[in-house]
Amino acid sequence: MVRDPLGRSPAPRKRWLRRFDFVPGAYNINSLRRKAARDNRQREPSCSTLFLRLQSNARTTLERVGNLEGVTDMDVEIIRRLCEESAALYPFLEPTAIAHQVGADDVLPGALPDKLYDELRAILPGTGPSDVDTHDLRAIADHFLYESAIETQLQDWHAVITSILRGIPAGTLLEPVGAPVWARAITIGRALVALGVFHTTANRAPAVAGAARRLREQRYQVAVTCGQFLFGPGELERATSMIQSYLDRLGPVLALQLIVRALKEGKTERYEMYLPGPTYTLNPRDPSIPFGLLINLAVRSPVPERTTHDPGSEFWNAVLLARDVAAVIDVEPYNQFQTLNVAPKRVERLLRELAVYDHLFRLRQWPPDHAVFLLRAFFSGEPTQAMSDELGWTPEDAATLCEAVLHVANADPAVVTRNNLLRAGLGESMLDGMLHLFVHQRGSVNNGYTTPLSAEQNLTLMFKPLIELATNEYLLPARSLAGPAFYEAVLQAMRSNNLQRPALVGDGTERAVIAVLKRAGIAPALTAEKYKMGTDAGECDTVLESADDIVFIECKAKPLTRLTMAGEPDSALWDFAGGVFAAHLQALRHERILRTKGTITFQSGRKLIWNDRRITRLSVTLLDHGAIQDRILFANLYDTLLRSKIAGDPNYPKHEQAAKFDTALGNLRRETNALPSEQRDRPLYGIAASLSLGQLSILAQGARGVPEFVQRITRQVTTMRFNDLLDFVGDPRSEIR
């Protein structure tokens, strides 16, 4: 028996069927995706053939982070049998005999590969109902590669499948595995290998296979099933425990110092934050270091009684093992094209992978220089007397404490003492009355975080900024983590004492966004304006105007849940739907009204007149949603979402959310179809942006008015590293450094 990376036992799958089906009226956003979508439309036989199966939330469900929908071990065995039968019938021992054996005697040797690829393109694309596409075939190829990495006695058919894939456009629907044409296709693939036709292997599969091989060499049990690696029972916990033991010998301070040094050596420090991102290369590379995982484990370490004699060795043992464990979980992007031409059935899987990637490899941060300002802006205008009476302090006092902590902490990590904070000007009674609410008591932080994917209830570092080391001595892991953690601690204190207004988080987010813009010298033209024009009703959170531009800014305070960080099925999809997607849908409605009617008349009597100005849509989240809020990801998924719908089983645990999202997808289609025709094929990269509040505070700073701000947030060139800030690094045209 094997256990998947989520640590769940391989019980029979209980599936809740939900479909992402194609519907008419797709509008594409750039020439590359227009061609891909046009090809897809020619192949799609009906709107009921492409669907996404989602697992129940039962803890016993066999599920991994990037579940390969549509690929089963039976599919793999069918392809393996076909390869073996082809090898028995056509040994291809003599290259000169290949043309004869594949029935192409009349073809010149130099033209034979092209002839064979033409035949593949003629026979493999599906002509009837099918749920198999090139991504499924890639998973089968990876299965063979993974097997050969850990079971060397098995025949590797990986090259045969990748040779076939080389001639089929990505995303093409194929004949079902086992259909008669597959025998011929496999023989052609073997012939191409025998002819020495170059076939490419994605960087991801060799990196993952290498990590699994190293884990096997260290006697960790991993096995291959359905084109993926799975850990044996308890093996993920055992590997994580070993990483923890290496870090424990260092203690939290030294471990964090070494992690920060590695981050800086990797040149990830930007804007006083650490911004590691995917590394894309033409050649195979090792997996990346999962810095998020290492930090979340390092803070759990107790203060050691004595220091180890070889800290460097202990640290790199932890790093290398963590790297291989994260690689086998297999969520790291290895190429820039991962989000292009995503089939509807893979939307949930892609979002889930990216969310777990953020959790394992990256951090949730605010720029330290902006943190105190953002805290004050968020809580400004809130009634504080009740909080002062109940708790003895207010959000302003918490902002002052944050300011003192950041002043005292002049390095990452930093040890902060009570005396340091008193010398920074904090009153003794005030400090003693509130400090405990901002400190993880010894042994409590991330308690129970025993695997990289056990974040659901056990990941607590983000909720308080300081960790108790000894009496009156506290650890701040990194200055950039302080702002969001102070926000969470204040909110938790208010919530625990019934002091939080229901609208606080939404109102506070809008206040903070407006404050950030005003500080940058960009005054909003309209804020919180409601309209009711016939059947159209809505509210514009914030509108920016210039002579040439209109920017609709929609704010979403919904945080990324720990369920999403833990890789729970569905969770990333719902966070995406309630965050970035919902904000863009609202802004799209505003744009459609403005373009079709020329004017939006608000209930206050104010008007917004189009005058043929450029319109930009911007969604802003309070806290970082990481890769799933990336503007390029949203642009690449837009066409897929236009062609998608959800059909849910009534017994599905979140059928109300499914129905709500299906309604929203219908609204997306209607709003897009109602746009003037010349607007439907516009590249979305240039008109829609998504930022967190921390990113907004950096990109707005120094912008000379609305036009330059728009240019910054809709930059046409991207590194596809799922963070807009990284696109500005090293750009000589940008004044942001």
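The model shown is predicted, which means the values in this text are computed figures rather than measured ones.

What counts, and at which threshold
- Residues numbered from 1 in each chain as written.
- Predicted model: local features only at pLDDT ≥ 70, side-chain atom pairs only at ≥ 80, totals over all residues.
- Heavy atoms only, no water.
- 1 Å grid on protein atoms, 1.4 Å probe; cavity = no way out; pocket = protein on both sides within 12 Å on 5 of 7 lines; lining within 4 Å.
- Points joined across faces, edges and corners; volume = space filled by probe spheres on them.
- Helix = DSSP H or I, 4+ residues; strand = E, 2+ residues; numbered from the N terminus.
- Nonpolar A, V, L, I, M, F, W, Y, C, P; charged D, E, K, R; others polar.
- Contact = heavy atoms within 4.5 Å.
- Phe/Tyr/Trp six-rings, centres within 6.5 Å; stacked < 30°, edge-to-face > 60°.
- Buried < 20%, exposed > 50% of the residue type's maximum accessible area, 1.4 Å probe, protein only.
- Lys NZ or Arg CZ within 6 Å of the ring centre and 35° of its normal.
- Pairing = 2+ DSSP bridges.
- Axes fitted to C-alpha atoms, helices over the stretch in contact; angles between N-to-C directions.
- Parallel < 35°, antiparallel > 145°, perpendicular 65-115°, else oblique.
- Left-handed = near helix turned anticlockwise from the far one by under 90°.

(A) Fine view of the layout of surface pockets. Space inside the second largest pocket adds up to approximately 380 Å³. Lining the second largest pocket are 21 residues, and of these Thr 279, Pro 287, Ser 288, Ile 289 and Phe 291 sit closest to its centre. At the level of elements, α9 (235–265), α11 (311–329) and α12 (347–361) are the ones that each hand at least two residues to the lining of the second largest pocket. Here the lining of the second largest pocket is built from residues that sort into nine nonpolar, five polar and seven charged.

(B) The arrangement of the environment of Phe 463 in detail. Position of Phe 463 among the secondary structure elements: in the loop between α18 (455–458) and β11 (466–470). With 21 residues separating them along the chain, Phe 463 and Pro 484 place their C-alpha atoms 7.9 Å apart. Phe 463 has contacts with Ala 485, Glu 488, Ala 489 and Arg 562, leaving out every residue within four places of it along the chain.

(C) Summary view of the packing of aromatic side chains. Enumeration according to the criterion identifies 14 aromatic pairs in this entry. Note on Phe 378 and Phe 379: the rings are 4.8 Å apart at their centroids and 80° apart in plane angle, and the pair reads as edge-to-face. Neither residue differs from the other here; Phe 378 and Phe 379 are each classed as buried. Each residue in the set Trp 574, Phe 576, Phe 581, Phe 634, Tyr 638 and Phe 661 is aromatic and connected to the rest through ring pairs, giving one cluster. The cationic tip of Arg 519 hangs over the ring face of Phe 373; the distance from NZ or CZ to the ring centre is 4.0 Å.

(D) Representation of empty space enclosed by the protein within the structure. Counting across every chain of the model gives six cavities of 30 Å³ or more. Estimates place the volume of the largest cavity at around 570 Å³. Along its surface, the largest cavity is lined by 35 residues, and Arg 362, Leu 363, Arg 364, Gln 365 and Leu 481 are the ones closest to its centre. Mapped onto the lining of the largest cavity, the elements with two or more residues apiece are β8 (273–274), α10 (291–298), α12, α19 (482–496), α25 (693–700) and α27 (724–728). Grouping the constituent residues of the lining of the largest cavity by class yields 20 nonpolar, 10 polar and five charged.

(E) Focus on the sheet that holds β11. Pairing is mixed in the open sheet, where four strands are placed in the order β9-β12-β11-β10. Taken across any chain shown, the strands that pair with only one partner, and hence form the sheet edges, are β9 (414–417) and β10 (439–440). Two elements, β11 and strand β12 (residues 473–476), share three bridges in a ladder whose sense is antiparallel. Among the inter-strand pairings, Ile 467 is bridged to a residue of β12, identified as Leu 475.

(F) Local environment of the packing of α25 against helix α26 (residues 706–713). Between α25 and α26, whose axes approach to 10 Å, the crossing angle comes to 130°. One element, α25, and the other, α26, form an angle in the oblique class. You can see that α25 and α26 cross each other, and the crossing is right-handed. Each of Leu 696, Ile 698, Leu 699 and Ala 700 in α25 lies in contact with α26, whose residues at this interface are Phe 709, Arg 712 and Ile 713. Considering only residue class, the contact of α25 with α26 consists of six nonpolar, no polar and one charged.

(G) Geometry of the sheet that holds strand β19 (residues 688–692). Ordered by their spatial adjacency, five strands build an open sheet running β13-β14-β15-β18-β19, and the pairing between neighbours is mixed. A single partner strand is all that each edge strand has here, and the edge strands are β13 (526–533) and β19. The mean angle between the axes of side-by-side strands here comes to 35°, regardless of whether they run parallel or antiparallel. Pairing geometry for strand β18 (residues 614–621) and β19, over five bridges, is parallel. Residue pairing across strands places Thr 621 opposite Ser 692, the latter belonging to β19. Packed onto the sheet, α26 meets β14 (536–545), β15 (549–556), β18 and β19 and runs at close to 65° relative to β18.

Any link to function would need more than the numbers given here.
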